[in-house]
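# Coordinate analysis (summary)
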Number of protein chains: 2
Amino acid sequence: MRKHNSTNALNEQAILDQCGMAYTLSLIGGRWKPSILWALIRNDKVRYSHFKKVIPEISDRILALHLRELEADKLIRRVVYAEVPPRVEYELTDLGRSMEVMLEQMTTWGAFHKEAVKGSAT
Amino acid sequence: MRKHNSTNALNEQAILDQCGMAYTLSLIGGRWKPSILWALIRNDKVRYSHFKKVIPEISDRILALHLRELEADKLIRRVVYAEVPPRVEYELTDLGRSMEVMLEQMTTWGAFHKEAVKGSAT
DNA sequence: CAGCATCCAATGAGATACTG
DNA sequence: CAGTATCTCATTGGATGCTG
């Protein structure tokens, strides 16, 4: 059977359900989500254009897409100012803030791991 | 320019370099890696066939592939017993153990987030 | 400025069959 | 038992151009 309705997607669903860890990964697992989150953590409010400044390589599509996903996951909030030159700011929600420690730990561990591997890790 | 040597890959490299968080994600970011790691955390030694028991949906290819990656990243160790019926056991390295707390935190946060979103998250 | 829409490329994952 | 090889498909990410 070649044409099933995506084993991949089904599998993912199953995993997300059974393992909170995979669930978490799915929330922050986009290519650029770490960078976006990071920018939000360091700055209270971030404008669309600011994202593009701190993450120059990202494309509009991906940025907008990831922002929407994060918003849908209640991690960030989108604040629109109905002004003449459109202005939109993004900020972390409480939920978003609640993952700061986790993200910092990931950063720390990542650095630690990188060191260990470079050296003579077991 | 359509045919560069993978912007995607280059981007990923750049991210990994600047952000330990993304680096960490890249280590545990495979579809099944969480499950594999989880199995390793709960059991000291896990045989190839055991993985397939606890993760029935995984295919041989992906399992072997992920195991190799984790091994390359020094997170797990592959112990081969040159016996008549081939036996191979996998276990966490010290480095692998060092991420237990992080993974647990991710699990906890994931559960927390799931609850929050289900309710009336901000 | 902020952001969609369309289209294309690259990666990751799955099925199946075969081997030491 | 514990894989490997090949091949295909799904998903994700990227480039470009257009709009309110």
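Everything quoted here is computed from the prediction, not taken from an experiment. Position numbers for residues count from 1 along each chain, tracking the sequence in the order it is written. Written order decides the labels, with chains lettered from A and ligands numbered from 1. Given that the model is predicted, a residue must reach a pLDDT of at least 70 before its local features are reported, and side-chain atom pairs must reach 80 or more before they are shown or counted; all residues, however, enter totals for whole chains, interfaces and linings. Excluding hydrogens and water, the side-chain values take into account all heavy atoms of the structure.

Let's shift gears to the protein's contact with DNA strand C. For this purpose, a residue is taken to be near a molecule or strand whenever a single non-hydrogen atom of the residue falls within 4 Å of it. If you check the shell around DNA strand C, you find 26 residues, and the closest are A:N11, A:Y48, A:R68, A:R78 and B:R31. The sugar-phosphate backbone supplies 67% of the atoms of DNA strand C found within 4 Å of the protein. Whenever a nitrogen or oxygen atom comes within 3.5 Å of another N or O atom, the pair is scored as a polar contact, on the condition that within protein one atom can donate a hydrogen and the other can accept it, and that pairs from neighbouring residues in sequence are kept only if both atoms are in side chains. Between DNA strand C and B:W32 there is a distance of 3.0 Å, counted from a phosphate oxygen to a side-chain nitrogen or oxygen. Counting residues per element, the ones that place at least two in the surface near DNA strand C are α1 (7–18), α4 (48–54), α5 (60–72) and β3 (87–92) of chain A together with α5 (60–72) of chain B. Secondary structure elements are defined from DSSP: runs of H or I of at least 4 residues count as helices, runs of E of at least 2 residues count as strands, and each element is numbered from the N terminus. Among the elements that make up the surface near DNA strand C, the one with the highest residue count is α5(A) (four residues). Here the surface near DNA strand C is built from residues that sort into ten nonpolar, eight polar and eight charged. Polar here means any residue other than Ala, Val, Leu, Ile, Met, Phe, Trp, Tyr, Cys and Pro, which are nonpolar, and Asp, Glu, Lys and Arg, which are charged; Gly is therefore polar.

Attention now goes to the sheet that holds strand β1 (residues 46–47) of chain B. All names here are of chain B. Strand order across the open sheet formed by three strands is β1-β3-β2, with antiparallel pairing between neighbours. A single partner strand is all that each edge strand has here, and the edge strands are β1 and β2 (76–81). As defined by bridge partners, β2 adjoins strand β3 (residues 87–92) across six bridges and the pair is classed as antiparallel. Looking across to β3, one finds that R78 is bridged to Y90. Two residues qualify as a contact provided that any one of their heavy atoms is within 4.5 Å of a heavy atom in the partner residue. Orientation is described by lines fitted to C-alpha atoms, with helices fitted over the stretch in contact, and by angles between N-to-C directions that extend from 0 to 180 degrees. Sheet contacts for helix α3 (residues 33–42): β1, β2 and β3; angle to β3, the most-contacted strand, approximately 90°. Lying over the sheet, α5 contacts β2 and β3, oriented at roughly 115° with respect to β2. Following DSSP output, two strands are said to pair if at least two bridges run between them.

Residue and element names in this part refer to chain A. Any carboxyl oxygen of Asp or Glu within 4 Å of a side-chain nitrogen of Lys or Arg constitutes a salt bridge here. Taken as a whole and judged by the stated rule, the model has 22 salt bridges over all chains. For R68, the salt bridge goes to E71, with nearest N and O atoms at 3.5 Å. You can see R68 and its partner E71 sitting in helix α5, three residues apart, about one turn around the helix. With a relative accessible area of 39%, R68 lands in the partly exposed category. Note on E71: relative accessible area 29%, which makes it partly exposed. One connected set of salt bridges, linked through shared partners, spans D44, R97 and E100. Relative accessibility under 20% of the residue-type maximum defines a buried residue, over 50% an exposed one, and the middle range a partly exposed one, all with a 1.4 Å probe and only protein chains included.

Once that is clear, we can look at the side chain of B:E91. All names here are of chain B. Here E91 shows up in strand β3. A distance of 2.9 Å separates the side chain of E91 from the side chain of K45, its partner in a polar contact. Not counting residues up to four positions away in its chain, the partners in contact with E91 are L40, D44, K45, L75, I76, R77 and V79.

UniProt positions are given in the numbering used here, feature names are shortened, and annotations may be inferred rather than shown by experiment. The UniProt record annotates "domain: HTH hxlR-type" (unreviewed entry) at residues 19–118 of chain A. What you have in residues 19–118 of chain A is 62% helix and 14% strand, and the ends, taken at the C-alpha atoms, are 31 Å apart.

Next up on the list: the interface of chain B and chain A. How big an interface is tends to be stated in terms of the accessible area lost upon association of its parts. Contacts between the two partners involve 47 residues from chain B, matched on the other side by 47 residues from chain A. Both faces considered, chain B and chain A share a buried interface measuring about 4,400 Å² in area, 67% of it formed by carbon and sulfur atoms. Linking chain B to chain A there are two salt bridges. Ionic pairing is found between A:R31 and B:E12, a salt bridge with its closest N-O pair at 3.5 Å. Inspection of the chain B/chain A interface yields 15 residue pairs in polar contact (both at pLDDT 80 or more). Elements supplying a minimum of two residues to the side of chain B that touches chain A: α1 (7–18), α2 (20–28), α3, α6 (94–97) and α7 (100–118) of chain B. When residues in the side of chain B that touches chain A are grouped by element, the largest group, 13 residues, is from α7(B). Across the side of chain B that touches chain A, the residue classes break down as 25 nonpolar, 13 polar and nine charged. Here's the idea: put two parts together, see how much 1.4 Å probe accessible area each one loses, and the total over both is what we call buried area.

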